[in-house]
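# Per-entry structural report
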Amino acid sequence: MMKAFSSLRSLVWCHWTMVRKKGSLILCGAFLFVAWNALLLLFLWGRPPIGRLGEGGGAEPGAGEEWGGGKAKVGGAKGLAGEVIRLAEEVESELETQKKLLKQIQSHRELWEQRKELGKRESEDTKDENNVEEPKKPQQIPAVPISHKIVDDTKIITEKHEVLMVTLPRLVMKEQEQEKEDKKIAENEEGRTKPSPQIIIPILVIACDRVTVKRSLDKLIQYRPSAELYPIIVSQDCGHADTARVIGSYGSQITHISQPDLADIPVRLDHRKFQGYYKIARHYRWALNQVFNVFAYSTVVIVEDDLEVAPDFFEYFRALYPFLRSDPTLWCISAWNDNGRDGLVDPGKADLLYRTDFFPGLGWMLLKEVWAELEPKWPKAFWDDWMRHPEQRKDRSCIRPEISRTITFGRKGVSLGQFFDQYLRYIKLNAEFVPFTNLDLSYLVREKYDETFEKEVYSAPLMKVEELQQGGSLKGSGPFRVQYSSRDSFKVLARNLGVMDDLKSGVPRAGYRGVVSFISRGRRIYLAPPEGWTKYDTSWS
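Predicted model, so just to flag it, every value in this text is computed and none were measured.

Looking only at helices and strands, the chain has 14 helices and 19 strands in total. When burial is assessed residue by residue, the chain has 44% of its 541 residues classed as buried. Partitioning the intrachain contacts of the chain with sequence separation of at least 6 by distance along the chain shows that 74% fall at a separation of at least 24.

What follows concerns the packing of aromatic side chains. Following the criterion strictly, the structure yields 24 aromatic pairs and no others. Summarising the aromatic geometry, the rings of W364 and W383 are spaced 5.8 Å apart at their centres and angled 20° between planes, so their arrangement reads as stacked. Here W364, found in strand β12 (residues 364–367), pairs with W383, found in helix α10 (residues 383–387); they are 19 residues apart in sequence, far enough to count as distant. For the pair W364 and W383, a shared accessibility class is recorded, and that class is buried. Centre to centre, the rings of F453 and Y512 are 5.7 Å apart; their planes meet at 70°, and the pair counts as edge-to-face. In this pair, F453 is assigned in helix α12 (residues 446–459) and Y512 in the loop between β17 (507–508) and β18 (516–520), connecting sequence segments 59 residues apart. Positioned above the aromatic ring of Y354 is the side chain of R400, whose terminal nitrogen or guanidinium carbon lies 4.0 Å from the ring centre.

Read from one edge to the other, the open sheet built from three strands follows the order β15-β19-β18, with strand pairing classed as mixed. Each end of this open sheet is capped by a strand with a single partner; those strands are β15 (480–483) and β18. Strand-to-strand twist across the sheet, computed as the mean angle between neighbouring axes with direction ignored, equals 30°. Alignment of β15 against strand β19 (residues 523–528), held across four bridges, turns out to be parallel.

Examined against the element boundaries, D338 turns out to sit in the loop between β10 (330–334) and β11 (353–356). A distance of 3.1 Å separates polar atoms of two side chains, one belonging to D338 and the other to W336. For D338, the contacting residues outside a window of four places in its chain are F358, P360, I427, M500, R509 and A510.

It is worth spelling out the environment of R341 at this point. With respect to the helices and strands, R341 occurs in the loop between β10 and β11. On the basis of relative accessible area, R341 is assigned to the partly exposed category, the value being 23%. When the C-alpha atoms of R341 and I519 are compared, they prove to be 9.8 Å apart, with 178 residues separating the residues in sequence. The contacts of R341, once residues within four sequence positions are left out, are Q422, Y423, Y426, I427, K428 and G498.

Here the amide bond leading from G478 into P479 is cis, since omega sits at 10°, within 30 degrees of zero. Turning to its location among the elements, P479 is positioned in the loop between α13 (465–468) and β15. Here C238, not a glycine, exhibits a phi torsion of approximately 80°, which is positive. For C238, the location among the structural elements is in the loop between β6 (232–236) and α6 (241–248). Given the relative accessible area of 37%, C238 is considered partly exposed. Phi angles above zero are rare outside glycine, and A510 is one such case at about 65°. Here A510 is to be found in the loop between β17 and β18.

Quick look at α6 now. Within α6, the full set of buried residues consists of T243, V246 and I247. Down the axis of α6, the buried side of the element spans an arc of 95°, and every buried residue falls inside it. Residues of α6 that are buried in the fold lie against β5 (203–207), α5 (213–223), β6 and β7 (255–258).

What follows concerns the sheet that holds β10. Sheet strands associate in pairs through backbone hydrogen bonding, adopting either a parallel or an antiparallel arrangement. Strand order in the open sheet formed by eight strands is β7-β6-β5-β8-β12-β10-β13-β11, with mixed pairing between adjacent strands. If you trace the sheet from one side to the other, it starts and ends with β7 and β11, each paired once. Ignoring strand direction, the axes of neighbouring strands in this sheet form an average angle of 25°. Bridging between β10 and β12 involves two bridges; their strand directions are antiparallel. Looking at the pairing, S334 lines up with W364 of β12.

The final tally for this structure, using the stated rule, is two disulfides. For C208, the disulfide goes to C238, at an S-S distance of 1.6 Å. Classification of the bridge connecting C208 and C238 rests on its S-S torsion, roughly -85°, and on that basis the disulfide is left-handed. Of the two residues, C208 sits in the loop between β5 and α5 while C238 sits in the loop between β6 and α6, which places them 30 residues apart along the sequence. The disulfide that involves C332 links it to C398, with 2.0 Å between the sulfurs.

Moving on to the nonpolar core. By size, the foremost hydrophobic cluster in this structure holds 83 residues, and its most contacted members are L220 and F313. Here this core gets nine residues from one element, more than from any other, and that element is helix α8 (residues 313–326). With residues up to four places along the chain from it excluded, the contact list for L220 reads I203, V205, I232, V303, V309, F313 and F314. Membership of the second largest hydrophobic core comes to 19 residues, among which are V482, Y484, A494 and L527.

With that settled, consider helix α7 (residues 275–294). Helix length check: α7 (20 residues) gives 27 Å between terminal C-alpha atoms against 28 Å at 1.5 Å per residue, within 8%. Most of α7 is tucked away: 14 of the 20 residues are buried. A296 sits one or two positions beyond α7 and adopts a positive phi of about 65°.

Cut-offs and rules
Residues numbered from 1 in each chain as written. Predicted model: local features only at pLDDT ≥ 70, side-chain atom pairs only at ≥ 80, totals over all residues. Heavy atoms only, no water. Helix = DSSP H or I, 4+ residues; strand = E, 2+ residues; numbered from the N terminus. Buried < 20%, exposed > 50% of the residue type's maximum accessible area, 1.4 Å probe, protein only. Contact = heavy atoms within 4.5 Å. Phe/Tyr/Trp six-rings, centres within 6.5 Å; stacked < 30°, edge-to-face > 60°. Lys NZ or Arg CZ within 6 Å of the ring centre and 35° of its normal. Pairing = 2+ DSSP bridges. Axes fitted to C-alpha atoms, helices over the stretch in contact; angles between N-to-C directions. Polar contact = N/O pair within 3.5 Å; in protein donor to acceptor, adjacent residues only side chain to side chain. Arc of directions from axis to C-beta. Disulfide = S-S within 2.5 Å. Core = buried A, V, L, I, M, F, W, Y, C linked by side-chain atoms within 4.5 Å. Expected span 1.5 Å × (residues − 1).

These figures capture arrangement, not role.
Structure (structure tokens):
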């Protein structure tokens, strides 16, 4: 017996030493638990036989009763055998329980080691980042709705409405690690951008009372390459039951949220007719707060319920996301060209992209950091024009395509068809899939772009508008330049050339550094200010 205790003590000491070396309190507790049960087992095994019959003071009731000699022997043998079997079963059951406990402890230990290793990598990354930016406080990954999907190579355990397990190694694409990965924009030897393949880009659909939202959702789902990488969130205002039923019919393919405040907004008398614009601004604010603060995404692409998307809509935003993340001179990516009418764009340049100082909207990507900047001062109405003010733009630009990746089919709305019949219904939607993620888009970097753009614009021959119109004597394929010098001259020239003539805070639609680029009668035309342009005149509105 003493020998057994001595061996057990040595075993416990050996395990205790190993535990101390590994520094794991969990394994220490596990071994102590096993040791205690082993001592208990040895005690039970080594005690005197239970209830020896024929001897006084037996352990069992009736042990002192007189039995027949033969019966006593047989009964004693059976009782001992039964006790041994019972004890063996209990030992087996206890060992099985301990085995399960040890497996659970081991699985937790592996997860904690993985988390510890992830923490080490984060610390190393933070040290590197501290050389170029201020350190950030650690962020906690919040619980998210069960419909919110996360890409992972292992698994996510969900229960009711919360994600319970958020420590798995590949969960870096959620909030904390995703932001670190976003900032590491890698380029190969040819300068092609390598976008993070696992970045989640949610699509926020702003809806109200249009049952034709079905057309928009059908195209989004048709062209969406991955439900996990591009979750669709439909935010509905207005409380329109028929529209809600259409949205609900998509089931788990989308997430449907509803703006809770449907009350009218107090406005001054002369703005009563603009009540719709006030409600839209309120809805945008609520919906974007849901995407960034509740669902905890780091970026979003916003579309409205009257937009149809192109086949390469998702490819376009995935390729340009790294530029938006890395370039502080950009603040949005837009799928829209305000002058994207058929005849004003080059159908052979579906891959051509521009920088623009005009906020286009109509299918645009926004970062969480920019929303954190805009949200505290978000306007009560006319949010899109407000975005075009210098105080919001801060000399930043957007990227827009030659050929739009969205078109609008919603003539009916709060704007009562403004511009729709004259311009919007003629916008050309790209039909050719362009593999943007495989293209060299480094020409969009500001320093490189500005140098090339200005050289191309101001080296183009200066022409009069009459020479470009039908019957003119102009020869050659271009590009050509037409110059304006005032707000009024810009408007006259724009109308004569068929492009949109309105300006917001001095910025023309689709313009960059005052220049509007488009196609006229098959030639590239630059409607441009005089050479040496420095800034916009905000009185030109």
